[in-house]
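A look at the structure
Next come the chains, spelled out residue by residue.
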Amino acid sequence: MADRAAAVAVARRTGAAGAPDPRRSRRTAARLPRGLHPGAWWIWALGLATAASHTSNPLPLALLVAVAALVVVRRRGDAPWALAFRMYLLLGVVIVAMRVVFRIVFGGGQGEHVLLRLPEIPLPAWAAGIRLFGPVAAEQLLGGFYDGLRLATMLVCLGAANALANPKRLLKAVPGALYAVGTAVVVALSVAPQLVESVLRVRRARRLRGAPRRGLRGLRAVALPVLADALDRSLALAAAMDSRGYGRTAALPAGRRAVTGVLVLGGLVGVCVGTYGLLDAASPGYLGLPMLVGGLGTAVAGMLLAGRQVRRSRYRPDRWRPAELLVAGCGAGAAALTALAGAADPELLYPPVSPLTWPQLTPLVLLAVAVAAAPAWLAPPPVTRTPVTGPPPAPAGGPGTVSTGVTGGRR
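Summarised in this report is the structure supplied together with it. Everything quoted here is computed from the prediction, not taken from an experiment. (Residues numbered from 1 in each chain as written. Predicted model: local features only at pLDDT ≥ 70, side-chain atom pairs only at ≥ 80, totals over all residues. Heavy atoms only, no water.)

**Remarks on the packing of aromatic side chains**
Tallied over the full model, the rule gives two aromatic pairs. Plain terms: the ring middles of W41 and W44 are 5.7 Å apart, the flat faces sit at 80° to each other, and that makes the pair edge-to-face. Of this pair, W41 and W44 both sit in helix α3 (residues 38–53), three residues apart, roughly one helical turn. For the pair W41 and W44, a shared accessibility class is recorded, and that class is buried. Considering the side-chain rings of F145 and Y146, the 6.3 Å spacing of their centres and the 50° angle between planes classify their relative orientation as tilted. (Phe/Tyr/Trp six-rings, centres within 6.5 Å; stacked < 30°, edge-to-face > 60°. Helix = DSSP H or I, 4+ residues; strand = E, 2+ residues; numbered from the N terminus. Buried < 20%, exposed > 50% of the residue type's maximum accessible area, 1.4 Å probe, protein only.)

**As for the pattern of salt bridges**
Evaluated as defined, the whole model comprises four salt bridges. Close ionic contact of D147 with R103 constitutes a salt bridge, the shortest N to O distance being 2.8 Å. Of this pair, D147 sits in helix α6 (residues 138–164) while R103 is found in helix α5 (residues 85–106), placing the two residues 44 residues apart along the sequence. D147 sits in the partly exposed class, given a relative accessible area of 23%. Two residues, R150 and D147, come together in a salt bridge whose shortest N-O distance is 4.0 Å. Of this pair, R150 and D147 both sit in helix α6, three residues apart, which is roughly one turn of the helix. Note on R150: relative accessible area 23%, which makes it partly exposed. What you see here is one network of salt bridges that share partners, running through R99, R103, D147 and R150. (Salt bridge = Lys/Arg side-chain N within 4 Å of Asp/Glu carboxyl O.)

**Quick notes on the environment of P60**
Among the secondary structure elements, P60 is positioned in helix α4 (residues 58–75). We classify P60 as buried; its relative accessible area is 4%. When the C-alpha atoms of P60 and T338 are compared, they prove to be 9.6 Å apart, with 278 residues separating the residues in sequence. Excluding residues that lie within four positions of it along the chain, P60 makes contacts with T55, L361 and V365. (Contact = heavy atoms within 4.5 Å.)

**Thoughts on the packing of α3 against α6**
Two elements in contact, α3 and α6, have axes whose closest approach is 9 Å; the angle formed by their N-to-C orientations is 175°. As the angle between them shows, α3 and α6 are arranged roughly antiparallel. Residue-level contacts link W41, W42, W44, A45, L46, L48, A49, A52 and S53 of α3 to R150, T153, M154, C157, L158, A160, A161, N162 and L164 of α6. Looking at the contact of α3 with α6 residue by residue, the classes come out as 14 nonpolar, three polar and one charged. (Axes fitted to C-alpha atoms, helices over the stretch in contact; angles between N-to-C directions. Parallel < 35°, antiparallel > 145°, perpendicular 65-115°, else oblique. Nonpolar A, V, L, I, M, F, W, Y, C, P; charged D, E, K, R; others polar.)

**A short note on the packing of α4 against α6**
Across the interface, α4 lies against α6 with an axial gap of 9 Å and an inter-helix angle of 15°. The angle between α4 and α6 places the two elements in the roughly parallel class. As for the relative orientation of α4 and α6, their crossing is left-handed in sense. In this structure, α4 contributes P58, L61, L64, V65, A68, V71, V72 and R75 to the contact, and α6 contributes F145, Y146, L149, R150, T153, V156, A160, A163 and L164. Across the contact of α4 with α6, the residue classes break down as 14 nonpolar, one polar and two charged. (Left-handed = near helix turned anticlockwise from the far one by under 90°.)

**Quick word on the nonpolar core**
Counting 36 residues, the largest nonpolar core has W41, W44 and V67 as the members making the most contacts within it. Contributions of two or more residues to this core are made by α3, α4, α6, α12 (322–344) and α14 (363–373). Examining the composition of this core, we find that nine residues originate from one element, α3, more than from any other. Contacts of W41, omitting those with residues within four sequence positions, involve L36, V71, R75, A161, L164, A165, V327, P375 and A379. (Core = buried A, V, L, I, M, F, W, Y, C linked by side-chain atoms within 4.5 Å.)

Rendered as structure tokens:
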């Protein structure tokens, strides 16, 4: 009877025909660890950065930084680029401090609540309007803090994408016409994570040797191995690219290459003229939207022709699955909700510094923050290279047997 009940339970789980349930298999596959498409992470991060650029309120900016940190902690792997997020946080703190210091040095005294009075340095007449030191007001420091926090939040959001997205997979998703530009961008984005990994590895080795880690001597001892490691990686990358035939293009006539260059350059010029026509109300109508659309079409045609020169094959191309669409939609939704909140009540997103007022949050801003934090649970867990180790197995001789901790050896 027990065997029959177990068989009935298995049949209910797998279906009447004995085949696995497709809905259950899809749900199981969605929960399996895998790397998300890097484009989805970058769209999500750009959405958060766009939301941060629409406000100077420190409350939503702090919430966006917390959301970026939460998603990175929950969904980053153990790859080298995942270690760079702490560096972006420290750089954000430096940016905020620098903005406040600049307000003290070049813009003191603009406010009613003077905190301290520094000696003012007189400047010549040609530097009228610029003040060095002088009285420092709370309003001026608060304005510098707001501006620095907004810039730091945008930087942290982009750092989150750099820590979550695989730059090598991002290079595979770049169109053929932009392959060379995409390579330069990906190499530039991967410099910081590689430097962080090199610094951590050198510091770990010096700690094991008992070498000092402080002072100018410790900095020099860390900097030289990091530079040597960067040089070794550059040589290895150059050798790998040369062995794979990187930079080789298809044989095309000189006339076609000239036409491609003319189309791309002409399209970019058309885009610039069309943008100027849209911004200048006194310009003729044909220099606005028609010129912009024509320039975009010409540039796209030139890029498509240029893409035929690049011959490359793709092994297992990245697909956009529902998780990628949800993550990208969360970033776009956060940016749209923040822009909508700014259109509804701009004073709350840009709190004044004079008079001093306490910043407030709106329901739309809170909804935008919640949407931005959703990828911490919607995105699949990352694939880690570190194996998961459980508790040591029990000795084979029972609970009373003493284990020596040596397996496979002689007794």
